[in-house]
Amino acid sequence: MRGLKDKVALVTGAGSGIGLAIAKRLGAEGMQVGVLDINAEAANQAVAQIRAAGGRADAQVCDITSYESVQQAVSAIESRLGPTWALVNNAGWDKPIPFLKTTPDFWQKVVTINYMGPLQMTHAVAQGMVARGGGRIIFIASDAGRVGSTGEVVYSGTKGATIAFAKALARELARKQVTLNCVCPGPTNTPAMDAFVGTGEEGQKIRDAMVRSVPLGRIGEADDYPGLVAFLASEDAAFMTGQTISVSGG
Ligand code: NAD
């Protein structure tokens, strides 16, 4: 993709699943990848994989729910790799619970990780992008945030809020050439999915039901998203901001 080589991309939650696949792809595109994750071991393993494939990457522990941690992490990784060109707000978390059985602690956790996390990362990184005259911010939201998902009510709300946040900030930062766009995956085979539906017979039933609901006849794989993310981070997407794109099998 045009305009990616040697630039710095930060990917949150890059130690696992979709974030790992994105980090590997951006590394393969010649970017320097800042692998940000709350799980140090997962982040180090991701970096080892990117380097083994000939790419450049560095790990940084970061808890996106803490603005202090976010500021420290951005400053530390930028001091090693250089200024951030692209931020991929990927880290997220959910657990399927019917809304009426959820508790205030649960609401707090889901909102803090999925809404406050990307907001705080964006605040910490966008200042520098504006000062340098441009940048790309990409959100891994969810189709749950566009159409709603049973059993994921609070999560759906946070992803919908993230989409609205990205659209609003896209307008505010447009004249500074900082673009913000959202990618909305459908159900995807990742470690989070295993935790979500379980791996036994009951889990398989839920997966089968998901597959039946997807026109293209399968659920997503982590590798279904990195191509679009690389495009959104590239020069080819320079005239595109505030958009929400579903990659969910139709
Ligand atoms: P995953 O659980 O496989 O990976 C998430 C990563 O985020 C992990 O490495 C974890 O350590 C990290 N993380 C969690 N909390 C963090 C925190 N506070 N600070 C920093 N890192 C943290 O998840 P995934 O399935 O790859 O999901 C990635 C993104 O895609 C999420 O935003 C999720 O909401 C979204 N998504 C996933 C699916 C799906 O079905 N898997 C569907 C739609 C959207």
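Residues numbered from 1 in each chain as written. Predicted model: local features only at pLDDT ≥ 70, side-chain atom pairs only at ≥ 80, totals over all residues. Heavy atoms only, no water.

Draft legend 1. Quick peek at the domain arrangement of the chain. Segmentation of the chain into domains returns domain 1 (8–185 + 225–243) and domain 2 (190–224). A C-alpha centroid distance of 23 Å is found between domain 1 and domain 2. Between domain 1 and domain 2, the contact holds 10 residues from the first and eight residues from the second. A buried area of about 680 Å², summed over both sides, lies between domain 1 and domain 2, and 69% of it is on carbon and sulfur atoms. If you look at where domain 1 meets domain 2, you find zero salt bridges. Inspection of the domain 1/domain 2 interface yields two residue pairs in polar contact (both at pLDDT 80 or more). Residues of the side of domain 1 that touches domain 2, tallied by class, amount to five nonpolar, two polar and three charged. (Domains from an automatic or database assignment. Contact = heavy atoms within 4.5 Å. Buried area = accessible area lost by both parts, 1.4 Å probe. Salt bridge = Lys/Arg side-chain N within 4 Å of Asp/Glu carboxyl O. Polar contact = N/O pair within 3.5 Å; in protein donor to acceptor, adjacent residues only side chain to side chain. Nonpolar A, V, L, I, M, F, W, Y, C, P; charged D, E, K, R; others polar.)

Draft legend 2. Structural context of the packing of helix α3 (residues 67–81) against helix α4 (residues 104–132). Contact pair α3 / α4: the axes reach a minimum separation of 8 Å and the direction vectors enclose 40°. With respect to α4, the element α3 is oriented oblique. Our pair here, α3 against α4, has a crossing hand that is right-handed. Where α3 abuts α4, its residues Tyr-67, Val-70, Val-74 and Glu-78 lie against Gln-120, Met-121, His-123, Ala-124, Val-125 and Arg-132. Considered class by class, the residues forming the contact of α3 with α4 number six nonpolar, two polar and two charged. (Axes fitted to C-alpha atoms, helices over the stretch in contact; angles between N-to-C directions. Helix = DSSP H or I, 4+ residues; strand = E, 2+ residues; numbered from the N terminus. Parallel < 35°, antiparallel > 145°, perpendicular 65-115°, else oblique. Left-handed = near helix turned anticlockwise from the far one by under 90°.)

Draft legend 3. Region of interest: the packing of helix α1 (residues 17–28) against helix α2 (residues 40–52). The N-to-C vectors of α1 and α2 enclose an angle of 30°; their axes lie 9 Å apart at closest approach. The angle between the axes of α1 and α2 places the two elements in the roughly parallel class. Remark: the crossing between α1 and α2 carries right-handed chirality. Contacts between α1 and α2 involve Leu-20, Ala-23, Lys-24 and Gly-27 from the former and Ala-46, Gln-49 and Ile-50 from the latter.

Draft legend 4. Representation of the environment of Ile-140 within the structure. Position of Ile-140 among the secondary structure elements: in strand β5 (residues 135–140). Looking at Ile-140, the relative accessible area reads 6%, which means it is buried. Separated by 23 residues in sequence, Ile-140 and Ile-163 have C-alpha atoms that sit 9.5 Å apart. Other than its neighbours up to four places away in sequence, Ile-140 contacts Ile-18, Ile-22, Val-88, Asn-89, Asn-90, Lys-159, Val-183, Pro-185 and Val-229. (Buried < 20%, exposed > 50% of the residue type's maximum accessible area, 1.4 Å probe, protein only.)

Draft legend 5. How the structure looks around the environment of Asp-6. Tracing the backbone through its elements, the reader meets Asp-6 in the segment before β1 (8–12). For Asp-6, a relative accessible area of 41% translates into the label partly exposed. Taking the C-alpha atoms as reference, Asp-6 lies 23 Å from Thr-241; in sequence the two are 235 residues apart. Those residues in contact with Asp-6, other than ones at most four positions away along the chain, are Gly-30, Met-31, Gln-32 and Arg-56.

Draft legend 6. The sheet that holds strand β2 (residues 32–37), seen in detail. Spatial strand order, β3-β2-β1-β4-β5-β6-β9: seven strands in an open sheet with parallel pairing. The strands lining the two open edges of the sheet, one partner per strand, are β3 (56–61) and β9 (244–247). Each strand axis lies, on average, 20° off the axis of its neighbour in the sheet, ignoring direction. Relative to β9, strand β6 (residues 178–185) runs parallel, the two being bridged by four bridges. For Val-183, the partnering residue across the bridge sits in β9 and is Ile-245. Where helix α6 (residues 153–173) meets the sheet, it contacts β5, β6 and β9, and its direction lies at approximately 160° from that of β6. Helix α9 (residues 226–233) contacts β4 (84–89), β5, β6 and β9 of the sheet and is inclined by roughly 155° relative to β5. (Pairing = 2+ DSSP bridges.)

Draft legend 7. Main features of the packing of aromatic side chains. The final tally for this structure, using the stated rule, is four aromatic pairs. Following the ring pairs from residue to residue traces out a cluster consisting of Tyr-115, Phe-139 and Phe-165. Over the ring of Trp-85 we find Lys-7, and its NZ or CZ is 4.0 Å from the ring centre. Over the aromatic face of Trp-93 sits the side chain of Lys-109, whose NZ or CZ is 3.9 Å from the ring centroid. (Phe/Tyr/Trp six-rings, centres within 6.5 Å; stacked < 30°, edge-to-face > 60°. Lys NZ or Arg CZ within 6 Å of the ring centre and 35° of its normal.)

Draft legend 8. Examining α3 more closely. Taking 1.5 Å of rise per residue, 15 residues should cover 21 Å, and α3 covers 21 Å from first to last C-alpha, within 8% of that figure. Restricting attention to buried positions, one finds in α3 the residues Ser-69, Val-70, Ala-73, Val-74, Ile-77 and Leu-81. Seen along its axis, α3 keeps its buried residues to an arc of 125°; they face one direction. Turned more than 90 degrees away from the buried face of α3, the exposed residues are Glu-68, Gln-72 and Ser-79. Looking one or two places after α3, you find Gly-82, whose phi comes out positive at around 110°. (Expected span 1.5 Å × (residues − 1). Arc of directions from axis to C-beta.)

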